[in-house]
Amino acid sequence: MSNANRQMILRSRPRGMVTPGDLQLADAPLPPLGDGQALARVKYLSIDPTMRVWMAIDSYLPAVRIGEVMRAFGFAEVVESRHKEFKKGDKVVGLTGMQDYAVMDSADKRGSFQKVPPVPFLSDTAFLGVLGINGVTAYFGMLEIGKPQKGETLVVSAAAGATGSIAGQIGKIHGCRVVGIAGGPEKCQWLTAGLGFDAAIDYKQSDWKDKFVAATPQGVDLNFENVGGDIMHTILERMNVHGRVVLCGLISGYTKADPALASFGMVLVKRLRVEGFIIIDYMDRYREAATQLGKWKMFGKMKDRETIVDGLEKAADAINMLFTGGNIGKLILKV
């Protein structure tokens, strides 16, 4: 085991896309472990849109401070332990940060790390995607807030992403007609042929709004919203009276000063119920969601796809892929 810990440090707050100067790779010594602590080797990092928010402003978590290790969810394996809950060889997920090694401390009362069970048919990376933060987000967003009903029309934006693709499949499991919005023919083909969506709309095509209307002949009952901006506004125009909007993310505005959010006039006129949620509110129920998602995956009802970027030094490039559409499914950085 190396005595050095490579860390990706936030050096400046991005304006627009992340630049090489915003994040800097640096070496730090490994700290000696105290009682109640464990050291874990980080293997994979979850690359998520919220990371761009963490780099810029206080939100549901404080912004990462300049000079700190960049915040990230990760998958790691315990290599040394003086912690009663973790032993050497345990695999864990949690807020590891963008670094080679993370210290888990029993004094941390947030429950930042959870052990993951060995499941023969699942890869380690599944615990960052379909059984990780994205899968759990889709699960609770759909079932606790959206409450899909058989025969309803569900529209999912950023549908070929890690969260949207799972949300759409949960809608299909519950008998919805599911329409996904994604960028590019490959993504749209995956949604329909691979995941069983009823229709997929390529928002990069000039006539996408006309195709969206044709794909939602009965209007829209439920919107799982990841994007915001013009896409969200277009969906709201198709919402049925008393429709529901699950507000999961607004990625179209994360790299802009003006996110161009949709008007609340449509919410008023159509008497829509719009509810935002943050997944940390449900983390005490993580096992509940992961167990059900695992069953769906085992029986072929849930499929996933991954895009893996190799190398901690490519962190900035990986984050930017979320905003350029360079990934399909879950985006992961292999440390």
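Nothing here was measured: the structure is a model prediction, and the numbers come from that model. All chains use their own residue numbering, which begins from 1 and follows the written sequence. The model is predicted, so local features are restricted to residues of pLDDT at least 70 and side-chain atom pairs to those at 80 or more, both for listing and for counting; the totals for chains, interfaces and linings are taken over all residues. The side-chain quantities take in all heavy atoms of the structure and omit both hydrogens and water.

Each helix is a run of H or I in the DSSP string that is no shorter than four residues. Each strand is a run of E no shorter than two, and both are numbered from the N terminus. The secondary structure content of the protein chain amounts to nine helices and 15 strands. Radius of gyration (C-alpha) of the protein chain: 20 Å, near the 20 Å computed for a compact globule of 335 residues. With the C-alpha coordinates aligned to their principal axes, the bounding extent of the protein chain is approximately 60 × 45 × 35 Å. Residue pairs in contact within the protein chain that sit at least 24 positions apart in sequence constitute 67% of those at least 6 positions apart. For accessible areas, the Shrake-Rupley method is used with a probe of radius 1.4 Å. Any residue's cover is judged against the shown protein chains and nothing else. Roughly 15,000 Å² of accessible area belongs to the protein chain as shown, and the carbon and sulfur atoms make up 52% of that amount. By the counting scheme adopted, Arg and Lys are positive, Glu and Asp are negative, and His together with the chain ends is not counted. Where a charge sits is defined by one atom per residue type, namely NZ (Lys), CZ (Arg), CG (Asp) or CD (Glu). Averaged over its 41 positive side-chain charges, the protein chain has a centre that lies 3 Å from the centre of its 35 negative ones. Here the globule rule is a power law, 2.2 Å times the number of residues to the power 0.38, and the radius of gyration is based on C-alpha atoms. The contact criterion used is simple: two residues touch if any of their non-hydrogen atoms lie within 4.5 Å.

Moving on, we come to the sheet that holds strand β11 (residues 220-225). As summarised here, the arrangement of the six strands in space is β10-β9-β8-β11-β12-β13, forming an open sheet in which the pairing is parallel. Each having just a single partner strand, β10 (199-202) and β13 (273-276) make up the two edges of the open sheet. Each strand axis lies, on average, 15° off the axis of its neighbour in the sheet, ignoring direction. Sheet analysis places β11 next to strand β12 (residues 239-247), joined by five bridges and oriented parallel. Note that in β12 the partner of glutamate 225 across the bridge is leucine 247. With axes taken as lines fitted to C-alpha atoms, and helix axes fitted only over the stretch in contact, angles between N-to-C directions fall between 0 and 180 degrees. Here helix α5 (residues 208-215) sits on the sheet in contact with β8 (153-157), β9 (177-182), β10 and β11, set at roughly 165° to β10. When DSSP finds two or more bridges between a pair of strands, those strands are recorded as paired.

Pairing of aromatic rings covers Phe, Tyr and Trp, the last counted by its six-membered ring, and requires centre-to-centre distances within 6.5 Å; plane angles under 30 degrees mean stacked, over 60 mean edge-to-face, and any other angle means tilted. Scanning the entire structure with this criterion turns up six aromatic pairs. A ring pair is formed by tryptophan 54 and tyrosine 60, whose centres lie 6.5 Å apart and whose planes are at 65°; its orientation type is edge-to-face. Relative accessibility decides the category of a residue: with a 1.4 Å probe and only protein chains considered, values under 20% of the type maximum give buried, values over 50% give exposed, and everything between is partly exposed. For tyrosine 60, a relative accessible area of 32% corresponds to the partly exposed category. With 4.8 Å between their ring centres and 15° between their planes, phenylalanine 140 and tyrosine 282 make a pair best called stacked. Of this pair, phenylalanine 140 sits in helix α2 (residues 133-146) while tyrosine 282 sits in the loop between β13 and α8 (286-298), placing them 142 residues apart in sequence. Residues phenylalanine 140 and tyrosine 282 agree in their burial class; the two are buried. Connected via pairs of aromatic rings, a cluster forms that spans Tyr139, Phe140, Phe277, Tyr282 and Trp296. Comment: the charge-over-ring label is applied if NZ (Lys) or CZ (Arg) is within 6 Å of the ring centre and within 35 degrees of the ring normal. Positioned above the aromatic ring of tyrosine 101, the side-chain terminus of arginine 41 is 5.3 Å from the ring centre. For the cation-ring pair, arginine 71 lies above tryptophan 54, with the distance from its terminal atom to the ring centre recorded as 5.1 Å.

For this document, the term salt bridge refers to a Lys or Arg side-chain nitrogen within 4 Å of an Asp or Glu carboxyl oxygen. Summed over all chains, the structure comprises 19 salt bridges. In this structure, arginine 65 engages glutamate 68 in a salt bridge whose closest nitrogen and oxygen atoms are separated by 2.9 Å. Given the relative accessible area of 58%, arginine 65 is considered exposed. Here arginine 305 and glutamate 186 are joined by a salt bridge, their closest N and O atoms 3.0 Å apart.

With that out of the way, let us pick up the side chain of glutamine 7. Looking at the secondary structure, you find glutamine 7 in strand β1 (residues 4-10). In this structure glutamine 7 touches Gln24, Leu25, Ala26, Ala28, Val69, Met98 and Gln99, once residues within four positions along its chain are discounted.

In an α-helix, one full turn covers 3.6 residues, which means residues spaced three or four apart are oriented alike. All buried positions along α5 are accounted for by Trp208, Phe212 and Ala215. For α5, the buried positions fall inside an angular range of 65° around the axis, keeping them on one side. Along α5, exposed side chains directed more than 90 degrees from the buried face belong to Asp210 and Ala214. Elements that come into contact with the buried residues of α5 comprise β8, β9, β10, β11 and α6 (229-238). Regarding the arc, it is the one traced by the directions from the helix axis to the C-beta atoms.

Right, let's talk about the packing of α2 against helix α3 (residues 162-173) for a bit. Interaxial distance between α2 and α3 falls to 8 Å at its minimum, and their mutual angle equals 45°. Regarding the angle of α2 to α3, the classification is oblique. In the packing of α2 onto α3, the handedness of the crossing is right-handed. Contacts from Asn134, Gly135, Thr137, Ala138, Tyr139, Met142 and Leu143 in α2 reach Ala162, Thr163, Ile166, Ala167, Ile170 and Gly171 in α3. Residues that form the contact of α2 with α3 fall into these classes: eight nonpolar, five polar and no charged. Here is the rule for angles: anything less than 35 degrees is roughly parallel, anything more than 145 is roughly antiparallel, 65 through 115 is roughly perpendicular, and the remaining ranges are oblique. The handedness criterion is simple: a crossing whose near helix is rotated anticlockwise from the far helix by less than a right angle is left-handed, and one whose near helix is rotated clockwise is right-handed. In the scheme used here, Gly and all other residues not listed as nonpolar or charged are polar, with Ala, Val, Leu, Ile, Met, Phe, Trp, Tyr, Cys and Pro taken as nonpolar and Asp, Glu, Lys and Arg as charged.

Bringing unusual backbone geometry into the picture now. Negative phi characterises most residues that are not glycine, and trans characterises most peptide bonds. Even without a glycine there, the phi angle at histidine 242 is positive, about 65°. Considering the arrangement of structural elements, one finds histidine 242 in strand β12.

Once that is clear, we can look at the packing of α5 against α6. Between two packed helices, both the angle of their axes relative to each other and the distance between the axes serve to describe the pair. Running from N to C, α5 and α6 cross one another at 35°; their axes reach a closest spacing of 11 Å. Relative to α6, the crossing made by α5 is right-handed. Between α5 and α6, the residues in contact are Trp208, Lys209, Phe212 and Val213 and Asp230, Ile231, Thr234, Ile235 and Arg238, respectively. For the contact of α5 with α6, a count of residues per class yields five nonpolar, one polar and three charged.

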